[in-house]
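# Structure assessment
Listed below are the residues making up each chain.
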Amino acid sequence: MDVPNGGPRTRGTRVGLPGVLLAVLLGTVLVSLAGGGRAVADTPWGTTGAQYRTGIVCALPDGRRVALASWDVDGTTASSTDDVVAKGSSYGPAPRSGRATDATPGTRGLSGSDLAALAYLIGHGGAGTAAQVAETSALVAQSFGGGAAQRACLGRQGTSATGAAALATAARRYAGPYTVQASPAGAKPGALAPVSAVVRSAAGVPTPGITVTFAAAGLSTNVVTGVDGRASARLTGPSSPSAYTVTVAEPVGVRLIASRPAAVALAAPKQVVARAAFTPVLHPTPHLGVTGGGKALVLAGGSLTPTVTVSDTDGYSGTGSVSVLGPVAAPSGSTCSSVSYVGAPAAWSHSFTFAGDADPAVGATGPLKAGCYAFAGSLTVTDSSPVVTVKAAPDPASAVGVSPLQLTQSVGSGLARTGTLTATVTATQAAGATVTSTLTTYGPLPAGAGGRCDTGRTWTGAKVVARSGPVTLVQQGTDRLAAVVRTPSVSTVGCYALTTRSTVTQDGRSAVVTVAAGGQGTTVMVISPSLGVTNSAYDGRQGVPMTGTVDVAGTYGLAGRVTIGLVSAPAPSTGCHSLLFPAASTTSSAAPSGSTVVTTAGDGTYRFRSPVPKQNRCYGVTATLAMAQDAAVRVEAPAPGPTTTFLAGAVVRAPADIEVRTAAATRPTRSLAVFGATGAVVLAVALVLMIGAAVSGEHRPDPLAGELLVTIVDT
């Protein structure tokens, strides 16, 4: 078929847009069989003639390079009706400006609706993404019976048959001719007033992306329709009854420009003009709307943010106020929408100003008590004559309930050892509620004086060191929920902040409650205390406490209590030092024999006196440090060893005619002769042992070693 007005001749079958989709699909198959195309960076077309605007350049296996593009013809976006191809180092000519002819129904077998859809494609698809431009180019060329090389390139470089089909469907849906419906408007003379119009396609569909020009009193403004086909603007209100115009100049036809190697097709615009009454308003009838600002659950102590809408002002200005009325208790089994708010006190009020229709931001209320709340307000137009005042009465249908549920977090004493950290989350007045919490741990930061973490710390930007998974609070009584949330272990001492994020659901509404780092019940001082014990001697005596020292470290100056205990066992022949005693917390037959307590004031070395050993056995000293701030934060000294084990020496008893006394006993009062031979021998041996030990200074871990005190008494 010939292109009108002497254009180049092309061969092929012309198909309408529905047929184009089949051709595109067939073209995709051809690409697959031929090996497809690849991206080519150079786009030399446009040095003469039409300028290459945007799109893709596809390289075919036979060496041809094909432009799937939009072209700039005298500042207007155009599409070629056939392939523009380069081969080797030779580039074919770009389309050139030439004689223009409007396509009419019947041109190349195209109907009026075909031409309108092509006009929409060229005007809109030609200004989209590179892939959309390429798909539009292939569709336009196919519609005019050409574009075989372009069809061979579809399916590459982001293009697809699906994309082309979507463009064709949209073109049929949104193509012109268009109808425009403008809404009558009024305004205070000289004030800006809202005007609007809706644009519909030939299919009667509200059409997005259409440029609309509003004009009145010699002034105009351009607006693009939204997804609902509506365009809105503000025009200066007239001083006398008049009209404003709405103009749409969208392409509904196609203009062909003869050129070689292919004609180019431009979208031919056609103006549609609508008019609407534009009248001055001297007595406005404004409207005030106040609602609760959302359907989220609000807990006691939380706040509401009312939403205020001022409308139908016709450009007039004034002042207004809004109030939150309540709390009002709802009877058992009823809702806040069934409560009367007549005479309810105002829990919060706020004033605002407006200039024309507006949605004034009034901010949030202060903390609210549990109960039902409704919203009321009033506004006054101050620049009308006479002044106009309207009120918004409380509407029970929009009332909001504030739940009595209270959510708290606790970290106990605020002191912990390295390891897993925990926080307890508790919900009270929680009938019918579910609460799920997660715990985040921040830190560590340096501790303050005395190991304080709850003051003087800035947690903004603190590192997140651990997070827990979600934990659902469990029922504890009729209206109480609680759970302990744990984070993975921390191994570094210092200050940490534990914060929970809880999702609360009650009565079909939800709220998220986040505890801020550094607030009450969030900070924990993590310490890693250590404890060492050393006896003052390796042997002792029955009835006499062992003395020694405990070394306390890692407490950050925090006070504590060291509990000293004894464990004992029979003395083996190898001596006490060879025994393996249990630690203080180990339960065994060698149970602690009472205890003594040493008070500590931070790191340091402290003296102790053990409980009294009462038997001739081996003893080990045990020690446990419990912090004064939290006795559950404790550390035990290692199990008794060589430095903490001693023998409580035995007291040797003489025959019946010898009285054993303490070191303060009186001197002998009778001759050794009274003992007879046996008594003399025992005494002599004892004296020799004592003298030998005193001379050598030797310590013998002997189960019988000890101090023998003998006093001779009358028989």
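Treat the numbers as computed from the prediction; the structure is a model and nothing was measured.

About the criteria used
Residues numbered from 1 in each chain as written. Predicted model: local features only at pLDDT ≥ 70, side-chain atom pairs only at ≥ 80, totals over all residues. Heavy atoms only, no water. Helix = DSSP H or I, 4+ residues; strand = E, 2+ residues; numbered from the N terminus. Buried < 20%, exposed > 50% of the residue type's maximum accessible area, 1.4 Å probe, protein only. Contact = heavy atoms within 4.5 Å. pLDDT = per-residue confidence, 0-100. Expected span 1.5 Å × (residues − 1). Pairing = 2+ DSSP bridges. Salt bridge = Lys/Arg side-chain N within 4 Å of Asp/Glu carboxyl O. Disulfide = S-S within 2.5 Å. Phe/Tyr/Trp six-rings, centres within 6.5 Å; stacked < 30°, edge-to-face > 60°. Core = buried A, V, L, I, M, F, W, Y, C linked by side-chain atoms within 4.5 Å. Axes fitted to C-alpha atoms, helices over the stretch in contact; angles between N-to-C directions. Left-handed = near helix turned anticlockwise from the far one by under 90°. Nonpolar A, V, L, I, M, F, W, Y, C, P; charged D, E, K, R; others polar.

In terms of regular secondary structure, the protein chain is built from 6 helices and 44 strands. Counting across all 715 residues of the protein chain, residues that qualify as buried make up 44%. Within the protein chain, contacts between residues at least 6 apart in sequence are counted, and of these 72% link residues at least 24 apart.

Right, let's get into the confidence of the model for the protein chain. A low pLDDT means the predicted coordinates there should not be read in detail. Predicted confidence across the protein chain gives a mean pLDDT of 80, with 81% of residues reaching 70 or more. Predicted confidence for residues 1-42 stays below pLDDT 50, and this span has 90 contacts to residues more than four positions away or in other chains.

Okay, the environment of Val212 next. Of note, Val212 is situated in strand E10 (residues 211-216). It is 8.5 Å that separates the C-alpha atoms of Val212 and Val199, two residues lying 13 residues apart in sequence.

The α-helix winds at 3.6 residues per turn, so residues separated by three or four positions along the chain end up facing the same way. Taking 1.5 Å of rise per residue, 14 residues should cover 20 Å, and helix H3 (residues 130-143) covers 20 Å from first to last C-alpha, within 8% of that figure. Among the 14 residues of H3, 12 are classified as buried, and the element is accordingly described as predominantly covered. For H3, the full list of buried residues reads Ala131, Val133, Ala134, Glu135, Thr136, Ser137, Ala138, Leu139, Val140, Ala141, Gln142 and Ser143. Remark: Gly145 follows H3 within two positions and exhibits a positive phi of approximately 90 degrees.

If you walk across this open sheet you meet the 4 strands as E23-E25-E30-E29, and the pairing is antiparallel. Edge positions in the open sheet fall to strand E23 (406-410) and strand E29 (474-475), since each of these has one partner strand only. Examined bridge by bridge, E23 and strand E25 (residues 419-428) share 5 bridges and lie antiparallel to one another. From the neighbouring strand, Gln406 faces E25, where its bridge partner is Thr428.

On to the pattern of salt bridges, then. Once their charged atoms are close, side chains differing in charge can pair, the charge on each being opposite to the other. Under the definition given, this model contains 5 salt bridges. Here Asp102 makes a salt bridge to Arg255, at a shortest N to O gap of 2.6 Å. Taken together, the residues Asp102 in strand E6 (residues 100-102) and Arg255 in strand E13 (residues 242-257) connect sequence positions 153 residues apart. Overall, Asp102 belongs to the partly exposed group, its relative accessible area being 41%. Two residues, Asp383 and Lys188, come together in a salt bridge whose shortest N-O distance is 2.6 Å. Residue Asp383 is located in the loop between strand E20 (371-381) and strand E21 (388-392), and its partner Lys188 is located in the loop between strand E8 (185-187) and strand E9 (192-200); the two are separated by 195 residues in the primary sequence.

Turning our eyes to something else, we now look at the side chain of Ser610. Looking at the secondary structure, you find Ser610 in the loop between strand E39 (604-609) and strand E40 (618-627). For Ser610, a relative accessible area of 3% gives the class buried. Not counting the four nearest positions on each side in its chain, Ser610 is found in contact with Pro545, Met546, Ile564, Leu566 and Thr596.

Scanning all chains against the criterion turns up 4 disulfides. The disulfide partner of Cys58 is Cys153, and the S-S distance across this bridge is 2.1 Å. Since a negative S-S torsion denotes a left-handed disulfide, the Cys58-Cys153 link at about -90 degrees is left-handed. With Cys58 in strand E1 (residues 51-59) and Cys153 in helix H4 (residues 148-153), the pair connects residues that are 95 residues apart, well separated along the chain.

In this section: helix H5 (residues 161-174). Given a rise of 1.5 Å per residue, 14 residues ought to cover 20 Å, and the 20 Å separating the end C-alpha atoms of H5 matches this to within 8%. Taken together, the buried positions of H5 are Ala161, Gly163, Ala164, Leu167, Ala168, Ala171 and Tyr174.

On to the packing of aromatic side chains, then. According to the stated counting rule, one finds 5 aromatic pairs in the structure shown. Aromatic pair Tyr52 and Trp71: ring centres 5.7 Å apart, planes at 90 degrees, arrangement edge-to-face. Of this pair, Tyr52 sits in strand E1 while Trp71 sits in strand E2 (residues 64-73), placing them 19 residues apart in sequence. When its relative accessible area of 0% is taken as the criterion, Trp71 is described as buried.

Counting buried residues in E13 gives 12 out of 16 residues, a clear majority hidden from the surface. The sheet contact formed by E6 and E13 spans 3 bridges and is antiparallel. Among the inter-strand pairings, Thr101 is bridged to a residue of E13, identified as Leu256. As defined by bridge partners, E10 adjoins E13 across 4 bridges and the pair is classed as antiparallel. For Val212, the partnering residue across the bridge sits in E13 and is Val248. Relative to strand E14 (residues 264-280), E13 runs antiparallel, the two sharing 15 bridges. Bridge pairing links Leu256 to Ala265 in E14.

Pairing geometry for strand E3 (residues 76-80) and E14, over 3 bridges, is antiparallel. Paired with Ala78 across the two strands is Leu266, which belongs to E14. The pairing of E8 with E14 spans 3 bridges and is classified as parallel. Note that in E14 the partner of Ala185 across the bridge is Phe278.

Membership of the largest hydrophobic core comes to 48 residues, with the highest contact counts inside it found for Phe144, Val195, Phe214, Tyr244, Val246, Val254 and Phe278. The element best represented in this core is helix H2 (residues 112-124), accounting for 8 residues. Apart from residues lying up to four places away in sequence, Val254 is in contact with Thr101, Asp102, Ala103, Leu115, Leu118, Ala119, Phe144, Ala265, Leu266 and Ala268. Formed by 30 residues, the second largest nonpolar core is a distinct cluster that contains Val533, Val552, Ile564 and Leu566.

Here H2 crosses H5 at 115 degrees, and the two axes come no closer than 8 Å. Crossing handedness for the pair H2 and H5: right-handed. Only Leu167, Ala170, Ala171, Arg172 and Tyr174 of H5 make contact with H2, whose side of the interface consists of Ser113, Asp114, Ala117, Tyr120 and Leu121. In terms of residue class, the contact of H2 with H5 is built from 7 nonpolar, 1 polar and 2 charged.

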